[in-house]
Amino acid sequence: MNNVTSSSQILEIGREVIVPIQCSCLGEFFQANVSYIAPTNTKFKDIACGVFEGLVKSVTLFQENIFKKTNMSDVNYYDIKGGTELIVPLKCACPEELFGTGLKYLVTYPFISGDDTEKVSEKFKISVEDIWKANNLSFNPTVYANTTILVPLSKEPSINFSIHDSEPPSPGFLPTQLVEKSMKNQKLMKLYISGSIVGFFLLAATLIACGLYLRALRKFKTERINRSSSIHKGSVTSGSPPISGPTTTRTSTNSCLSPDLLAGIKYTLGEYNIDELTNATSNFSEETKVSNNVYRGCVDKVEVLIKKIRFEDVRQVIDVHSRINHVNIVKLQGVCYGEDDIKGSYLVFEYPSNGTLRDCLSNSFVVSLKWHKRTQIAFDIAIGLHYLHFCTIPPYTHMNINSKNIFLTSNWRAKLAIFGAKGGIETTTRDIGSIGSLGGWIAPEYLVHGSVSEKVDIFAFGVVLLEIISGKEDVDGNFLRDSITFLGGGANEGGCFEQLKNFIDPCLMEDYPLAEALCLAVLAKACIEDDPLHRPSMDDIIKVLARMV
């Protein structure tokens with residue numbers, strides 16, 4: 001299968017090898033157990049990363065072989081003697097179980113630095129679209145080293161060995177590297193850009209036409225109302241009271257929203273009236289209050305979040321959300337316009353059914369936030385922030401990240417809420433690492449110098465990470481920071497692990513990988529460094545968290 005002529009042939013370094021295994025269902029996973037005899041004294045991480053190149057985690061290998069004999073904290077230090085036979089659990093997938101349409105083989109392929117799905121398709125001589133489809137990936141996805149992907153094949157696997165991999169990655173935080181695009185991708189990109197330009201001009205022409213139509217219609221209605229008013233004035237008898245009461249016209253002449261903007265959002269945002277929102281929130285009672293000026297209600301049997309906002313800020317919030325479309329961002333569904341700033345306006349958002357992250361952490365005994373759910377939540381928050389920082393035009397800095405502003409869906413996926421109009425807030429204190437008036441943790445450089453950058457969000461993300469690990473809420477800005485001073489190197493190795501166990505949420509009942517918990521705590525400590533230059537980038541954060549989920 002690998003074009004090898006003799007069992008004694010020496011393969012060149014970096015040469016890939018196809019290993020056929022019989023995949024079967026063991027418990028809740030598809031898995032194949034492989035025996036491996038250590039030739040010399042070694043460690044679990046050297047076998048997992050060096051021999052099997054990420055096809056198995058060192059923690060999984062450790063649990064399979066030594067779990068009942070020693071402590072999980074020894075995973076990186078436990079010595080394996082030469083000649084020891086180990087059971088290596090390799091995760092796999094069966095075509096007939098997952099797909100069942102003409103597929104005979106599914107190859108589990110480990111990525112290394114420099115790989116992408118285009119290169120994998122060339123190696124196995126299949127279309128890159130088939131790889132995306134089999135792995136539920138979007139167009140031209142970003143992939144990460146030390147993760148795996150399924151390669152669907154209709155015939156016996158073979159590799160084009162003329163395509164070489166790049167050198168393996170070095171440890172630690174890695175800078176983001178651009179992967180050279182193929183000519184095919186460049187043509188596709190040009191086609192998409194051309195289509196987007198044409199679509200933009202068509203949309204602009206449509207909006208202009210709708211705006212002109214609405215302006216003409218409003219002028220016609222105004223003239224007709226004026227004529228009608230003059231007739232009524234002529235027929236009112238002396239001493240009659242003046243006509244008064246609220247108007248029911250949606251587009252008032254003193255509105256700060258232009259007809260062009262209304263035409264653009266008319267078919268994407270629903271319009272609510274104040275009676276609907278009042279009934280949904282029991283007249284905006286304290287029982288329905290989620291946070292500052294944010295309420296939970298039920299409109300047409302659908303739970304929603306309702307945010308009271310200044311009339312003059314409505315347009316800015318709509319503008320922000322018009323540039324955002326992401327699974328980890330709470331979606332804006334509709335608006336209720338107020339007539340002035342005194343009465344205010346209301347924005348209606350989707351309501352993720354499990355509520356805020358803070359509420360779930362405070363009731364861990366009820367909702368049982370297991371470790372794997374917590375790492376997934378941290379990853380979702382990081383992905384949402386990365387989208388705001390690098391995928392919106394212009395880039396958006398949230399400036400209000402905290403556990404009360406993060407919501408969880410029914411399947412425990414995290415969504416960031418953007419309720420404000422601007423990515424910046426005023427603060428009520430000048431303490432380092434303090435919490436702003438809207439609830440978001442604010443970095444020292446913003447409090448001292450007013451500096452706004454993505455590093456401010458990374459600081460707040462670090463505080464949220466500490467809350468996810470400990471389950472505790474930091475109310476004074478210093479409690480959680482002071483609780484992890486043992487990570488600074490002052491404690492001995494054993495003492496460090498004991499203090500970490502004491503810091504971790506007791507609701508987890510020690511049901512977590514200690515190595516991952518330490519990694520997450522170290523990442524959180526790096527995020528809350530006083531010097532923003534010492535904090536990791538969002539790319540670095542995603543690379544670390546991607547290995548845990």
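Quick look at the structure, then. (Residues numbered from 1 in each chain as written. Predicted model: local features only at pLDDT ≥ 70, side-chain atom pairs only at ≥ 80, totals over all residues. Heavy atoms only, no water.)

1. Description of unusual backbone geometry
Moving on, step 1. Following Ile 393, the chain continues to Pro 394 via a peptide bond in cis, the omega torsion being -5 degrees.
Moving on, step 2. Relative to the elements of secondary structure, Pro 394 occurs in the loop between helix 12 (371-390) and strand 14 (406-408).
Moving on, step 3. The phi torsion at Met 399 lies on the positive side, around 65 degrees, for a residue other than glycine.
Moving on, step 4. Within the secondary structure, Met 399 sits in the loop between helix 12 and strand 14.
Moving on, step 5. Looking at Met 399, the relative accessible area reads 1%, which means it is buried. (Helix = DSSP H or I, 4+ residues; strand = E, 2+ residues; numbered from the N terminus. Buried < 20%, exposed > 50% of the residue type's maximum accessible area, 1.4 Å probe, protein only.)

2. Overview of helix 2 (residues 58-66)
Moving on, step 1. All buried positions along helix 2 are accounted for by Ser 58, Val 59, Leu 61, Phe 62, Asn 65 and Ile 66. Buried residues in helix 2, looked at end-on, bunch into an arc of 160 degrees, giving them a common side.
Moving on, step 2. Taken together, the buried residues of helix 2 touch helix 1 (44-51) and strand 5 (85-91). (Arc of directions from axis to C-beta. Contact = heavy atoms within 4.5 Å.)

3. Quick look at helix 4 (residues 117-124)
The periodicity of an α-helix, 3.6 residues per turn, causes residues three or four positions apart to be oriented the same way.
Moving on, step 1. In terms of burial, helix 4 is a largely internal element, seven of the eight residues being buried.
Moving on, step 2. Restricting attention to buried positions, one finds in helix 4 the residues Thr 117, Glu 118, Lys 119, Val 120, Ser 121, Lys 123 and Phe 124.

4. A few points about the state of the cysteines
Moving on, step 1. Using the criterion set out here, one finds one disulfide in the structure.
Moving on, step 2. Paired by a disulfide, Cys 23 and Cys 92 hold their sulfur atoms 2.1 Å apart. Measuring the twist about the S-S bond at about 90 degrees, one finds the Cys 23-Cys 92 disulfide to be right-handed. With Cys 23 in the segment before strand 1 (24-26) and Cys 92 in the loop between strand 5 and helix 3 (95-98), the pair connects residues that are 69 residues apart, well separated along the chain.
Moving on, step 3. Overall, the relative accessible area of 14% leaves Cys 92 in the buried class. (Disulfide = S-S within 2.5 Å.)

5. Details of the side chain of Asn 2
Moving on, step 1. Secondary-structure assignment places Asn 2 in the segment before strand 1.
Moving on, step 2. Taking the relative accessible area as the measure of exposure, Asn 2 reaches 13% and is therefore buried.
Moving on, step 3. Reaching out from Asn 2, the side chain makes a polar contact with the backbone nitrogen of Ile 18 at a distance of 2.6 Å. (Polar contact = N/O pair within 3.5 Å; in protein donor to acceptor, adjacent residues only side chain to side chain.)

6. Overview of the sheet that holds strand 12 (residues 332-336)
Moving on, step 1. Pairing in this open sheet of six strands is mixed, and the strands run 8-12-13-11-10-9 from one edge to the other. Of all the strands in the sheet, just strand 8 (270-271) and strand 9 (289-291) have a single pairing partner and so form its edges.
Moving on, step 2. Note that strand 8 and strand 12 share two bridges and pair parallel. Of the residues in strand 12, the one forming a bridge with Gly 270 is Gly 334. (Pairing = 2+ DSSP bridges.)

7. Let's talk about the pattern of salt bridges
Moving on, step 1. For the structure on display, the rule yields 13 salt bridges.
Moving on, step 2. A salt bridge links Lys 57 to Glu 516, with the nearest nitrogen and oxygen atoms 3.6 Å apart. With Lys 57 in the loop between helix 1 and helix 2 and Glu 516 in helix 17 (residues 514-527), this residue pair connects regions lying 459 residues apart in the sequence.
Moving on, step 3. The exposure class assigned to Lys 57 is partly exposed, which follows from its relative accessible area of 38%.
Moving on, step 4. The shortest N-O distance in the salt bridge between Arg 310 and Asp 313 comes to 2.9 Å.
Moving on, step 5. Residue classification places Arg 310 among the partly exposed residues on the basis of a relative accessible area of 43%.
Moving on, step 6. One salt-bridge network, held together by shared partners, links Arg 310, Glu 312 and Asp 313. (Salt bridge = Lys/Arg side-chain N within 4 Å of Asp/Glu carboxyl O.)

8. Comments concerning the side chain of Glu 350
Moving on, step 1. With respect to the helices and strands, the residue Glu 350 is situated in strand 13 (residues 345-350).
Moving on, step 2. On the accessibility criterion, Glu 350 (17% relative accessible area) is buried.
Moving on, step 3. At a separation of 2.9 Å, a polar atom in the side chain of Glu 350 contacts the main-chain amide nitrogen of Lys 331.
Moving on, step 4. Here the side chain of Glu 350 touches Lys 415 through a polar contact of 3.4 Å, side chain to side chain.
Moving on, step 5. Once residues lying within four places of it in the same chain are set aside, the contact partners of Glu 350 are Leu 305, Ile 329, Val 330, Lys 331, Gln 333 and Lys 415.

9. Regarding the nonpolar core
Moving on, step 1. With 63 residues, the main nonpolar core has Leu 357, Ile 381, Phe 461, Ile 541 and Leu 545 as its most contacted residues.
Moving on, step 2. Looking at this core, the elements with two or more residues in it are helix 10 (357-362), helix 12, strand 14, strand 15 (414-416), helix 14 (454-470), helix 16 (493-503), helix 17 and helix 18 (538-546).
Moving on, step 3. For this core, the element with the most residues is helix 14, which contributes eleven residues.
Moving on, step 4. Residues in contact with Ile 381, not counting those within four places in the same chain, are Leu 357, Ile 406, Ala 414, Leu 416, Phe 461, Val 464 and Ile 468.
Moving on, step 5. Listed in part, the 16 residues of the second largest apolar core include Ile 309, Phe 349, Phe 407 and Ala 417. (Core = buried A, V, L, I, M, F, W, Y, C linked by side-chain atoms within 4.5 Å.)

10. Points about the packing of helix 12 against helix 14
Helix-helix packing is described using two parameters, namely the angle between the two axes and the distance between the axes.
Moving on, step 1. For the pair helix 12 and helix 14, the least separation of the axes is 11 Å and the interaxial angle reads 170 degrees. Judged by the angle between their axes, helix 12 and helix 14 are roughly antiparallel. Across from Arg 374, Ile 377, Ala 378, Ile 381, Ala 382, Leu 385 and His 389 in helix 12, the residues of helix 14 making contact are Glu 454, Asp 457, Phe 461, Val 464, Leu 465, Ile 468 and Ile 469.
Moving on, step 2. Taken together, the residues of the contact of helix 12 with helix 14 break down into ten nonpolar, one polar and three charged. (Axes fitted to C-alpha atoms, helices over the stretch in contact; angles between N-to-C directions. Parallel < 35°, antiparallel > 145°, perpendicular 65-115°, else oblique. Nonpolar A, V, L, I, M, F, W, Y, C, P; charged D, E, K, R; others polar.)

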